[in-house]
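Commentary on secondary and tertiary structure
Letter by letter, the chains look like this.
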Amino acid sequence: METVKLTPKQEKARNSRSLAIGLALALLVVIFYVATIVKFIG
C-alpha cells in the first residue's frame, strides 16, 4: 500500500479539518452533558 504525499497546504487543510471535527464532537458532548443535567434538575 502506497502512502499519498500531501503538499504542506493540503496537510494544513487536513489538520484544520480534523481540528474542526474534534471541536464539533466535543461541543456535542458538552451539549448532551448539559441537557442531561438540566433534565435531572428540572
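Residues numbered from 1 in each chain as written. Predicted model: local features only at pLDDT ≥ 70, side-chain atom pairs only at ≥ 80, totals over all residues. Heavy atoms only, no water.

Next up on the list: the overall build of the chain. Per the secondary structure count, the chain includes 1 helix and 0 strands. Along the three orthogonal principal directions, the C-alpha set of the chain runs to about 55 × 25 × 5 Å. Within the chain, the proportion of its 42 residues that are buried is 0%. Counting every atom, the chain has about 4,300 Å² of accessible surface; 72% of that belongs to carbon and sulfur. (Helix = DSSP H or I, 4+ residues; strand = E, 2+ residues; numbered from the N terminus. Buried < 20%, exposed > 50% of the residue type's maximum accessible area, 1.4 Å probe, protein only. Areas by Shrake-Rupley, 256 points an atom, 1.4 Å probe, with all protein chains shown as cover.)

What follows concerns the UniProt feature "transmembrane region" (unreviewed entry) in the chain. The feature "transmembrane region" (unreviewed entry), as annotated in UniProt, sits at residues 20–41 in this numbering. Annotated as 100% helix and 0% strand, the span residues 20–41 places its first and last C-alpha atoms 32 Å apart. (UniProt positions renumbered as here; feature names shortened; annotations may be inferred.)

Side chains of V30, Y33, V34, I37, V38 and I41 sit close together on the surface and give an oily, nonpolar patch of about 610 Å² of accessible area. Locating V30 in the fold gives a position in helix α1 (residues 8–41). (Patch = residues over 30% accessible without salt bridge, like charges linked within 9 Å, V, L, I, M, F, W, Y side chains within 5 Å. Salt bridge = Lys/Arg side-chain N within 4 Å of Asp/Glu carboxyl O.)

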